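A structural walkthrough
The primary structure of each chain is shown beneath.
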Amino acid sequence: MSFLLPKLTSKKEVDQAIKSTAEKVLVLRFGRDEDPVCLQLDDILSKTSADLSKMAAIYLVDVDHTPVYTQYFDISYIPSTVFFFNGQHMKVDYGSPDHTKFVGSFKTKQDFMDLIEVIYRGAMRGKLIVQSPIDPKNIPKYDLLYQDI
């Protein structure tokens, strides 16, 4: 389903999307098109993109073409999904140590839609971090890897 969503293939395109997406949640899925978990997430993203079109703009970003952002957001597991609103990085408290991105695939379309709605409503009220509405058992668990500390 990756072919149904727009792709950003360079740092310049990602920068432009961050700067130009106004009054909507910008969803950036970092991953690879051929990865099975990325394909599972892309299926959810593509099936919800029409329903969320008034609240969100969804783009796919290949980690191999944007090493600057891959390093900046510490993308060590794929897929990782990062959210912005009016150029501001939105953080979400998933009950994990990392609030900067969602790692893995969402279990259901409804989980993703609920998250976008919470981010959108929080951002419209000026919040930079929101509480995740997703059931904790539906959030993938992983360990943070600290390199070169």
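Residues numbered from 1 in each chain as written. Predicted model: local features only at pLDDT ≥ 70, side-chain atom pairs only at ≥ 80, totals over all residues. Heavy atoms only, no water.

Under an unreviewed UniProt entry, the protein chain has the name Thioredoxin-like protein and belongs to Mesocricetus auratus. According to the UniProt record, the Subcellular location (unreviewed entry) comment for the protein chain reads "Nucleus". UniProt annotates the protein chain under Sequence similarities (unreviewed entry) with the comment "Belongs to the DIM1 family." (UniProt positions renumbered as here; feature names shortened; annotations may be inferred.)

Details of helix 2 (residues 36-49)
When the terminal C-alpha atoms of helix 2 are compared, their 20 Å separation across 14 residues agrees well with the 20 Å that a helix rising 1.5 Å per residue should span. For helix 2, every residue scored as buried is listed here: C38, L41, D42, I44, L45, S46 and T48. Tucked inside the fold, the buried residues of helix 2 contact strand 2 (25-31), strand 3 (56-62), strand 4 (80-85) and helix 4 (109-124). (Helix = DSSP H or I, 4+ residues; strand = E, 2+ residues; numbered from the N terminus. Expected span 1.5 Å × (residues − 1). Buried < 20%, exposed > 50% of the residue type's maximum accessible area, 1.4 Å probe, protein only. Contact = heavy atoms within 4.5 Å.)

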